[in-house]
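Notes for the structure review
Residue-level listing of the chains:
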Amino acid sequence: MSTLATTKDDKNAGIEVTELLALLEKFQNLELHDFQLEAKNLELRVDGGVAGIPGLKFPRAIPTKPTALLQQTFTPPIEKYSSDIVEVKLGATKSEGGTRGRSLTLGGEKAPAFYTFESPIIHKPVVTLDVFDMEVPLSKAVKMHVKEVMGDPAAWAKLAVEKFGADMVTVHLISIDPLLKDAPAKSTLKTIEDVLQAVDVPLVIGGCGDPEKDTALFEEVSQAFPNERFLLSSFTRDMNIENISKLAKKNNHAVLAFTPMDLNMARELNRKLYDYLGKEDIVMDLSTAALGYGLDYAFTNMERARLSGLLGDGELAHPMSSGTTNAWAAREAWLKMDDKWEPRELRGPLWEVTTALTLLLSGVDIFMMIHPAAVKTLKDVINNLSSGKKADPSKYLDWVSAKI
Amino acid sequence: MSQKAAKKELSPIDIYKLLPKTNCKECNQENCMAFATKVVAREANIDQCTPLQKPEHTKNFNILHDLLKPPVREVTIGVGDKACKVGGKLVMYRHEFTYFNPTAVAIDVTDEMTEAEIVSRIKSTESFSYEYIGNTLKLDLIAVRSTSGNADKFKNCVKKVSETTNLPLILCALNSSVLEAGIMVIPKARPLLYAATLTNWKEMAELALMYNCPLVASAPNDLNGLVTLAKTLQVYGVQDIVLDPGTFFNDDLSDTLNNFTMLRRAATKVGNELAGLPLLGLPLGIWANKGDLADDLVRWREAYVAGMLITRFTDIIILHSTEGWVQLPNVILRQNIYTDPRKPVAVATELKTFGTPNETSPVFFTSNFALTYYTVAADLESSKINAYLLIVDAEGSAIDSGVAGRKLTAEKVADAIKATGIENKVTHRKLIIPGKASRISGEIEELSGWQVLVGPRDSSEIAKYLTDKWQP
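Residues numbered from 1 in each chain as written. Chains lettered and ligands numbered in written order. Predicted model: local features only at pLDDT ≥ 70, side-chain atom pairs only at ≥ 80, totals over all residues. Heavy atoms only, no water.

Each helix and strand counted, chain A has 14 helices and 10 strands in total. Burial status across chain A gives 58% buried among its 404 residues. Long-range contacts, defined as pairs at least 24 residues apart, comprise 69% of the intrachain contacts of chain A with a sequence gap of at least 6. Total accessible area computed for chain A in this model is approximately 16900 Å², and 53% of it derives from carbon and sulfur atoms. (Helix = DSSP H or I, 4+ residues; strand = E, 2+ residues; numbered from the N terminus. Buried < 20%, exposed > 50% of the residue type's maximum accessible area, 1.4 Å probe, protein only. Contact = heavy atoms within 4.5 Å. Areas by Shrake-Rupley, 256 points an atom, 1.4 Å probe, with all protein chains shown as cover.)

This brings us to helix α9 (residues 253-270) of chain B. Residues and elements named next belong to chain B. Helix length check: α9 (18 residues) gives 25 Å between terminal C-alpha atoms against 26 Å at 1.5 Å per residue, within 8%. Most of α9 is tucked away: 16 of the 18 residues are buried. After α9 finishes, the residue G271 shows a positive phi value of roughly 80 degrees. (Expected span 1.5 Å × (residues − 1).)

Right, let's get into the packing of aromatic side chains. In total, this model carries 13 aromatic pairs over all chains according to the counting rule given. Both rings, one in Y115 of chain A and one in F117 of chain A, keep their centres 5.5 Å apart while their planes meet at 25 degrees; by these two values the pair is stacked. For the pair formed by Y115 of chain A and F117 of chain A, the shared burial category is buried. On the numbers, 5.0 Å between centres and 70 degrees between planes, the contact of W399 of chain A with Y194 of chain B is edge-to-face. Residue W399 of chain A is located in the segment after α14 (372-386), and its partner Y194 of chain B is located in strand β8 (residues 192-196); the two belong to separate chains. The class of W399 of chain A is buried, set by a relative accessible area of 3%. Across from the ring centre of Y16 of chain B, 5.7 Å away, lies the NZ or CZ of K21 of chain B, which sits over that ring. (Phe/Tyr/Trp six-rings, centres within 6.5 Å; stacked < 30°, edge-to-face > 60°. Lys NZ or Arg CZ within 6 Å of the ring centre and 35° of its normal.)

This part takes up the pattern of salt bridges. In total, this model carries 54 salt bridges over all chains according to the counting rule given. With its nearest N and O atoms 3.3 Å apart, the salt bridge here joins R439 of chain B to D177 of chain A. Residue R439 of chain B is found in the loop between β16 (430-433) and α15 (441-448), and its partner D177 of chain A is found in the loop between β4 (168-172) and α7 (188-198); the two belong to separate chains. A residue is classified by how much of its surface remains accessible, and D177 of chain A, at 6% relative accessible area, is buried. (Salt bridge = Lys/Arg side-chain N within 4 Å of Asp/Glu carboxyl O.)

The subject of this paragraph is the side chain of N330 of chain B. Residue and element names in this part refer to chain B. Following the sequence through the fold, N330 ends up in helix α11 (residues 324-337). Only 3.3 Å separates the side chain of N330 from the backbone nitrogen of G307, close enough to count as a polar contact. In contact with N330, other than residues within four places in its own chain, are A303, A306, G307 and I310. (Polar contact = N/O pair within 3.5 Å; in protein donor to acceptor, adjacent residues only side chain to side chain.)

All names here are of chain B. Strand order across the open sheet formed by five strands is β13-β15-β14-β16-β17, with mixed pairing between neighbours. One side of each edge strand has no neighbouring strand; the edge strands of this open sheet are β13 (351-354) and β17 (451-454). Taken over all neighbouring pairs, the strand axes of this sheet differ in orientation by 30 degrees on average, direction set aside. When β13 meets strand β15 (residues 387-392), the two strands line up antiparallel, connected through four bridges. Residue K352 lies in a different strand from β15, and its bridge partner there is L389. Along the sheet, helix α14 (residues 410-420) makes contact with β13, β14 (363-367), β15 and β16, crossing β15 at roughly 125 degrees. (Pairing = 2+ DSSP bridges. Axes fitted to C-alpha atoms, helices over the stretch in contact; angles between N-to-C directions.)

Turning our eyes to something else, we now look at the confidence of the model for chain B. Chain-level pLDDT for chain B is 93 on average; 98% of the residues reach the 70-or-more range. This stretch, residues 1-7 of chain B, has a pLDDT under 50; its non-local contacts, to residues over four places away or in other chains, come to 25 contacts. (pLDDT = per-residue confidence, 0-100.)

Attention shifts here to the packing of helix α6 (residues 176-183) of chain B against helix α7 (residues 201-211) of chain B. Residues and elements named next belong to chain B. The contact between α6 and α7 brings their axes to 10 Å, and the two run at 15 degrees. When the axes of α6 and α7 are compared, the pair comes out roughly parallel. Seen from above, α6 lies across α7 with right-handed handedness. Contacts from S176, L179, E180 and I183 of α6 reach α7 at E203, M204, L207, M210 and Y211. By residue class, the composition of the contact of α6 with α7 is six nonpolar, one polar and two charged. (Parallel < 35°, antiparallel > 145°, perpendicular 65-115°, else oblique. Left-handed = near helix turned anticlockwise from the far one by under 90°. Nonpolar A, V, L, I, M, F, W, Y, C, P; charged D, E, K, R; others polar.)

Attention now moves to empty space enclosed by the protein. All names here are of chain A. With the rule as written, the count across this model stands at five cavities of 30 Å³ or more. Volume-wise, the largest cavity comes out at about 150 Å³. Along its surface, the largest cavity is lined by 19 residues, and E109, P112, A113, F114 and I121 are the ones closest to its centre. Of the residues belonging to the lining of the largest cavity, the class tally is 11 nonpolar, four polar and four charged. (1 Å grid on protein atoms, 1.4 Å probe; cavity = no way out; pocket = protein on both sides within 12 Å on 5 of 7 lines; lining within 4 Å. Points joined across faces, edges and corners; volume = space filled by probe spheres on them.)

Below, the discussion takes up unusual backbone geometry. The step from S233 of chain A to S234 of chain A runs through a cis peptide bond, and the omega angle for that step is 0 degrees. Examined against the element boundaries, S234 of chain A turns out to sit in strand β6 (residues 231-235). For the bond from Y194 of chain B to A195 of chain B, the omega torsion is 0 degrees, close enough to zero to count as cis. Its location among the elements puts A195 of chain B in strand β8. Even without being a glycine, R42 of chain B presents a positive backbone phi close to 60 degrees.

The following block contains the structure:
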């Protein structure tokens, strides 16, 4: 710009314009506002000094229509994060004192979910499939895949791992629910033993939702299976957590801390748990609402928790779990609708997929799911996102003329 | 590159001090400070301040305009009533404020489809409609692709399309003469043009200027190329630009997410104006590379890639599938993501009446979570039931999570029975509770003295339930 400014004092305005044109040619990638400024100055000079020179075109058009690309560089906007998400290990192999074929690690993230321009994937998110210890009402689209194994949790677990590709299995011990069979907590130990025999993946032990029965359940299970490193699902604010937390720590199990969509409650529960457990023992369940039924709250809640965790809020820097099966609480997932929305056999699992993928992008580390097609798709996407393969743009624009 | 620090959060004072401070109320606000507060919340526009439009305030108007300019430019496609606004985003994450201009969804047609097929695809796009908690969810645009590469065919196709629909259009052809043949049919309709590339940009820029159209800049997986194009087009005089960083959906999916994320962060956090443009996603590209995948699997993949793009900052998507099961999850996801997080989750706790209930009509309760309430209310309305509905304070959570998290308790149900005076309106003492609240049925009976009937788990079954079970 200073070079251009000095030309104003030249006596021969005609030469000034020619030089300016040459300079513009040379500095085509100058800032837009610089161009405008110079064009304005130039305009004044042209009016005063160059009028009437034949062949000289009004120069304003020249800077506004570049003749070659104005090369720019995009600087990737990298942020600094002050802390990593805690790593939580699930399942214990024989050498670690358990019986599992392998263990899995959740968490460890150094950047928001799949911002691989900032950090590679540390541990891929995992999927644990739901298995129930008694017959349960399920949507038609789900039931068709598991009806053979309903009521047989060991066979169901085997199907989940061997056929549906589950990384883990959640054994939901709902038979202890006072409103269902009200079975004693001790009676579940046989079911768990059968599942441990049937599959060698890490397990989530799921309660029935009744605080007292679940407390009894976690006391029994922690002691009966020391060192298996189960994920106990879940510890809530209305449970007396002291004894079960101590037992979980003593017997080397991890804990799922459930709160109903409120980050302050999540912090508060975690603080209570820190009295008995290490950070590396706690996974958070911040509540999952279905697509169309509050998914926006779940998504934003988890996204905020993850960003806060990375930016130094240690009480939220835990791996996150999602009860993605809740997607089926949306009636659009299971209801027989007008023909134009059918078939529900596709609509239903797509509902679970969409719920899962939205939360995957908010930072969820472990998904509790039920439909095999949804599980397969989520795992495919996670693998695709983790492949590290670069896109080849050479044939990209073919979509315009592709005959579909 | 023109980079400046990202805009700081605005306070009403920042706005107020630049207003004329006449307190004239012509904007329908009590005073200038109230107006400034509305402007900061994006509920009022500085164009509504009459004195500010006077010449002596031009300088302040321009400063305000610049202060309020969204980091992602708002681009309008089409003209008139159906014009579609895209971009205009203020923030990267929705919890930082709220997202404006929901992702526009386009469906494609081509110049080698039969007329019947074109008309049928347009009609299904136009007639797409789903009622969801008080909103009608619709599709937005038609994309016309030249698969023939023939200018006459493209022209005829655009003619047919524009005669069939008022929806705004995206015209797609990489050859500028073919594209112009299409634009000339609708020279004033402001279609979005696809696309300027690193090779054809000059011809495309001329078309965009000549016909005053927004223009897509496409540089697949090449962000340097993309900002180079954006800069060049801007200097050329094209301001309404949409960016296509490339949509890849196989094992290269992470490039897609990274590019969209980096562009949006550069726009909102760094203030990079070349990145501050609406983003175009192309899930339909999967059809061009489907291999021997079955059509339903292609649709499935197109659907979930569209969903990920909606979640990750995309302002426009073009889809090929018209099937309801593909579209429904995504228009609902879009509605969810673009819901204003500043608005309350809960509705008022009160007694609602449906139809014309009398003293023997059934009494239900539901949660004050807005989504739950609207769902139940819609079901009661559509089944023409005469009933009372108690809205119980569940701290804005759904029935199942409210019960699990002890936000929806028997005490609160009993309180609602007392507070609403329902006991003076009906002679019976029977409360039908949601199936998902069955866990607290005993406690409710104890605390309220009412008999509890456990109703269906989903409110769509209420009508059937009443027919089968209800006796006052």
